[in-house]
Amino acid sequence: MTLLSLASRQIWPQVLAVLELKPHRAVLFHSAEESESRGPAERLKELFQTTNLMPGGVRLVEAPHDDFGKLMQAMAAVAEAELLDGANCRFNLTGGNKLMAMAAAEWSRLNGVSCFYLERDLRNFPFLPVGSDLQPQPGFSLNPHLARDLDPLALLRCQLQAAEIVGEGERLTLSDTGQTLNESSLRLDLLRGNAPDPRAWLNRRSSVPLPDGRAGDDLELLTAAVILHLGVPMVQRGIRLKSGAGRGHWQDEGELDLVFNWCGKLWVVDCKHRRTAESRIGQLRRRLESTGPLDPEMGGLLEQITNELRDKELKPLKEDLLNTAEVGGLLGKAVAVRVTPLPAEAGAFALSRGLSVILRNDLCDGWRALLHPNQPASLESLRALATARTRAG
């Protein structure tokens, strides 16, 4: 079978359709617009070929995005050259702009070719040719783990637009010791404020080893261990990016702490172990108070410095959260992991961008709720929470 499709910035409708239908080859129609259509089509072709998902290859066909008649002609020309009809092809209507989707549906109707549309919630809506009409068929949900075994780094390469991966980081999987990780014990440790060293739980593979001893390493590795324990097959850590869109030189864009593929989404996780302005000034206050009571002027000055530090930290914090949400993509999921709660303004900003926030002492239950949203809280989880609260009291 040949799958006809309309390329656009969102890669998941293409990837999931290929995994569901298992076509022998594909034809991707794209416009001349580089960032919205041509570029994604080229990256999709590379993904399908490097992952061996398309044994018969991928053909790219440029078509206008703003001329209905010429769109129909381009589709007809491909069908004639490839000898395609209702018996050996299907059309994925999900990508492209609305005019392209309308042209694809009309071409399918006129030529007796079945077609389908994929919604963001993994629901497939098929249409079958009946006489001279396209009739909707009962929709169904795709298996959320169709893409489970796809390399998250390959998916990230396909999704990124102006960015280039200049450092692949390291691939993390569970070690033999990690396979026996005791979630109840870990949950209790985290609730008590103890963070165990997760290194023995992980296999770490990389072509260029990441430097050890960096700030935040422990939080990243611990978060990855929990994610892997909950069923994710692999996590990519420490991916470095550069961007050169519209510039004459390359500019550093930053690092993605954790990236993984789960449930038909690319997940991007930002882990930061930063001390708040209150904790830093609080330490200074205690040092000063150890030599004697503070006078009102000194107390007011410390309060002023606390407010200035908090305001100064908000801008880069918001930028950090925004970058994480953008890399995740429209069909992706962005998560921030922190040791202490975000400031109220930053928390509201994260919520407005659909970015989930998980605290270190809630890693197990927080990630379980995100990765397995339909799974009720375990009895072990409730017991651990009750035990920790009783001991704290």
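On a predicted model such as this, the values are computed, not experimentally measured, just so you know.

Conventions adopted
- Residues numbered from 1 in each chain as written.
- Predicted model: local features only at pLDDT ≥ 70, side-chain atom pairs only at ≥ 80, totals over all residues.
- Heavy atoms only, no water.
- Helix = DSSP H or I, 4+ residues; strand = E, 2+ residues; numbered from the N terminus.
- Buried < 20%, exposed > 50% of the residue type's maximum accessible area, 1.4 Å probe, protein only.
- Contact = heavy atoms within 4.5 Å.
- Expected span 1.5 Å × (residues − 1).
- Arc of directions from axis to C-beta.
- Polar contact = N/O pair within 3.5 Å; in protein donor to acceptor, adjacent residues only side chain to side chain.
- Salt bridge = Lys/Arg side-chain N within 4 Å of Asp/Glu carboxyl O.
- pLDDT = per-residue confidence, 0-100.
- Pairing = 2+ DSSP bridges.
- Right-handed = clockwise from strand over helix to strand, strands pointing away.
- Phe/Tyr/Trp six-rings, centres within 6.5 Å; stacked < 30°, edge-to-face > 60°.

Student: Quick question: what am I supposed to make of the overall build of the protein chain here?
Tutor: Within the protein chain, the regular secondary structure consists of 13 helices and 16 strands. Within the protein chain, the fraction of its 393 residues that count as buried is 44%. Sequence separation of at least 24 residues holds for 66% of the intrachain contacts in the protein chain that already meet a minimum separation of 6.

Student: What exactly am I supposed to notice about helix 3 (residues 68-82) here?
Tutor: Because the α-helix completes a turn every 3.6 residues, residues three or four places apart line up on one side. The end-to-end C-alpha distance of helix 3, which contains 15 residues, comes to 21 Å, matching closely the 21 Å that a straight helix rising 1.5 Å per residue would cover. Inspection of helix 3 places Leu 71, Met 72, Ala 74, Met 75, Val 78 and Ala 79 among the buried residues, and these make up the whole buried set. Buried residues of helix 3, viewed axially, fall in a sector of 160°; they line one side. Facing away from the buried side of helix 3, by more than 90 degrees, are the exposed residues Gln 73, Glu 80 and Ala 81. Those residues of helix 3 hidden inside the fold are in contact with strand 1 (2-6), strand 2 (25-30), strand 3 (58-62), strand 4 (89-92) and helix 4 (98-111). Between the side-chain oxygen at the start of helix 3 and the backbone nitrogen of Gly 69 there is a gap of 3.2 Å, and the oxygen is on Asp 67. Just beyond helix 3, the residue with positive phi is Leu 83, at close to 55°.

Student: Would you explain the pattern of salt bridges in this entry?
Tutor: One side chain can pair with another of opposite charge once the charged atoms of both are near each other. Summed over all chains, the structure comprises 21 salt bridges. Close ionic contact of Arg 204 with Glu 170 constitutes a salt bridge, the shortest N to O distance being 3.2 Å. You can see Arg 204 sitting in strand 11 (residues 202-205) and its partner Glu 170 sitting in strand 10 (residues 170-174), a full 34 residues away along the chain. Here Asp 365 and Arg 187 are joined by a salt bridge, their closest N and O atoms 3.1 Å apart. One end of the pair, Asp 365, is in helix 12 (residues 363-371); the other, Arg 187, is in helix 7 (residues 183-191), and 178 residues separate them in sequence. Linked through salt bridges whose partners overlap, the residues forming this network are Glu 170, Arg 204, Asp 217, Glu 220 and Arg 237.

Student: What's the story with the confidence of the model for the protein chain in this structure? I'm lost.
Tutor: Parts of the prediction with low pLDDT should not have their coordinates interpreted in detail. For the protein chain, per-residue confidence averages 83 on the pLDDT scale, and residues scoring 70 or more make up 80% of the total. Least confident of the elements in the protein chain is helix 13 (residues 379-392), whose mean pLDDT is 50; most confident is strand 4, at 97. Low pLDDT, under 50, characterises residues 245-250; the stretch is placed with seven contacts to residues that sit more than four places away or in other chains.

Student: Hey, could you run me through the pairing of strand 14 (residues 265-272) in this one?
Tutor: For a regular strand, side chains alternate in direction, first toward one face of the sheet and then toward the other. Across the eight residues that make up strand 14, a large majority, seven, are buried. Relative to strand 15 (residues 333-338), strand 14 runs parallel, the two being bridged by six bridges. Looking at the pairing, Val 268 lines up with Ala 334 of strand 15.

Student: What am I meant to see in the environment of Asp 217 here?
Tutor: Relative to the helices and strands, Asp 217 resides in helix 8 (residues 217-229). In sequence terms Asp 217 and Cys 271 are 54 residues apart; their C-alpha atoms lie 8.9 Å from each other. Apart from residues no more than four positions distant in its own chain, Asp 217 is found in contact with Arg 199, Pro 211, Asp 212 and Arg 237.

Student: What's the story with unusual backbone geometry in this structure? I'm lost.
Tutor: Both trends apply: most residues other than glycine have a negative phi, and most peptide bonds are in trans. Notably, Lys 22 is not glycine yet its phi reads approximately 50°, a positive angle. With respect to the helices and strands, the residue Lys 22 is situated in the loop between helix 1 (12-21) and strand 2. Exposure remark for Lys 22: the relative accessible area of 65% places this residue in the exposed category. Of note in this structure, Asn 52 is not a glycine but carries a positive phi near 60°.

Student: Help me understand the environment of Arg 353 in this model?
Tutor: Among the structural elements, Arg 353 can be located in the loop between helix 11 (344-352) and strand 16 (356-359). Once the C-alpha coordinates of Arg 353 and Ala 334 are considered, the two residues, 19 residues apart in sequence, prove to be 9.0 Å apart.

Student: For this particular structure, what's the right way to read the pairing of strand 2?
Tutor: By the criterion of burial, strand 2 is predominantly enclosed, with six of the six residues buried. Judged by which residues are buried, strand 2 turns out to be covered on both faces: Arg 25, Val 27 and Phe 29 on one side and Ala 26, Leu 28 and His 30 on the other are all buried. The β-α-β motif built from strand 1, the intervening helix 1 and the parallel element strand 2 has right-handed crossover chirality. Where strand 2 lies against strand 3, five bridges are found, and the strand directions are parallel. Paired with Phe 29 across the bridge in strand 3 is Val 61. At this point the chain moves from strand 2, through helix 2 (residues 34-50), to the parallel strand 3, and the crossover so formed is right-handed.

Student: Teacher, can you tell me more about the packing of aromatic side chains here?
Tutor: How two aromatic rings sit relative to each other is set out by the distance from centre to centre and by the angle between their planes. For the coordinates displayed, the defined rule picks out five aromatic pairs. Pairing Trp 267 with Trp 367 gives two aromatic rings, centres 6.3 Å apart and planes at 45°, and the pair type is tilted. Pair noted here: Trp 267 is in strand 14 and Trp 367 is in helix 12, with a separation of 100 residues, a long-range link. For the pair formed by Trp 267 and Trp 367, the shared burial category is buried. Chaining the aromatic ring pairs together yields one cluster made of Phe 29, Phe 91 and Trp 107.

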